[in-house]
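Chain residues, written in single-letter form:
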Amino acid sequence: MDTLELKNILISKISEIDDIQYLEAIMTILESKTSSKNYSENYNEELLKAEEDITAGRLYTQSQAKDKIEEWKKK
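All of the points below concern the structure found in this document. (Residues numbered from 1 in each chain as written. Predicted model: local features only at pLDDT ≥ 70, side-chain atom pairs only at ≥ 80, totals over all residues. Heavy atoms only, no water.)

## Things to note about the overall build of the chain
Within the chain, the regular secondary structure consists of 4 helices and 0 strands. Sequence-ordered secondary structure for the chain, helices as α and strands as β, is α-α-α-α. In summary, the chain has a C-alpha radius of gyration of 15 Å against a globular reference of 11 Å for 75 residues, an excess of more than 25%. Once the C-alpha set of the chain is aligned to its principal axes, its extents read approximately 40 × 35 × 15 Å. Summing over all exposed atoms, the chain offers an accessible surface of approximately 6,900 Å²; the carbon and sulfur share of this is 57%. Across the chain, 11 positive and 16 negative side-chain charges occur, with their mean positions spaced 4 Å apart. (Helix = DSSP H or I, 4+ residues; strand = E, 2+ residues; numbered from the N terminus. Rg over C-alpha atoms; globule rule 2.2 N^0.38 Å. Areas by Shrake-Rupley, 256 points an atom, 1.4 Å probe, with all protein chains shown as cover. Lys, Arg positive; Asp, Glu negative; His and termini not counted. Charge placed at Lys NZ, Arg CZ, Asp CG, Glu CD.)

Okay, structure coming up:
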């Protein structure tokens, strides 16, 4: 499989995902590879986003997180 074929497969797979948090996780991975910012800046930004999520109640218990992972595996 060449690079172009792999990119097309990834685009196809990502377009099928509707879960915003899963897409944000993918985006974080992609940004870490293509970002020109240094590691510390990215780390601090992610910490601030995490704190905002906690304050807004956007979090899961460990049990809920495990259930979510099992749902993703089925897709």
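## Brief notes about the environment of Glu24
The topology assignment puts Glu24 in helix α2 (residues 20-34). As for Glu24 and Ile14, which are separated by 10 residues in sequence, their C-alpha atoms are 11 Å apart.

## Quick notes on the side chain of Lys68
As for its position among the elements, Lys68 is in helix α4 (residues 62-74). In this structure Lys68 comes out as buried when scored by relative accessible area, which is 18%. Ignoring any residue separated from it by four or fewer positions in sequence, one finds Lys68 in contact with Asp19 and Tyr60. (Buried < 20%, exposed > 50% of the residue type's maximum accessible area, 1.4 Å probe, protein only. Contact = heavy atoms within 4.5 Å.)

## Quick word on the side chain of Asp19
Within the element layout of this structure, Asp19 appears in the loop between α1 (3-15) and α2. For Asp19, a relative accessible area of 13% translates into the label buried. Only 2.9 Å separates the side chain of Asp19 from the backbone nitrogen of Gln21, close enough to count as a polar contact. At 3.3 Å, the side chain of Asp19 forms a polar contact with the side chain of Trp72. (Polar contact = N/O pair within 3.5 Å; in protein donor to acceptor, adjacent residues only side chain to side chain.)

## Concerning a nonpolar patch on the surface
Taken together, the side chains of Met1, Leu6, Ile9, Leu10 and Ile14 present a nonpolar region at the surface, about 460 Å² in accessible area. Residue position: Ile14 is located in helix α1. (Patch = residues over 30% accessible without salt bridge, like charges linked within 9 Å, V, L, I, M, F, W, Y side chains within 5 Å. Salt bridge = Lys/Arg side-chain N within 4 Å of Asp/Glu carboxyl O.)

## A short note on helix α3 (residues 39-55)
For α3, with 17 residues, the first-to-last C-alpha span of 24 Å sits near the 24 Å given by 1.5 Å per residue. Where α3 terminates, the next one or two residues include Gly57, which has phi positive at roughly 80°. (Expected span 1.5 Å × (residues − 1).)

## A look at the environment of Ser32
Looking at where Ser32 falls in the secondary structure, it is placed in helix α2. For the pair Ser32 and Ala50, spaced 18 residues apart in sequence, the C-alpha separation works out to 16 Å.

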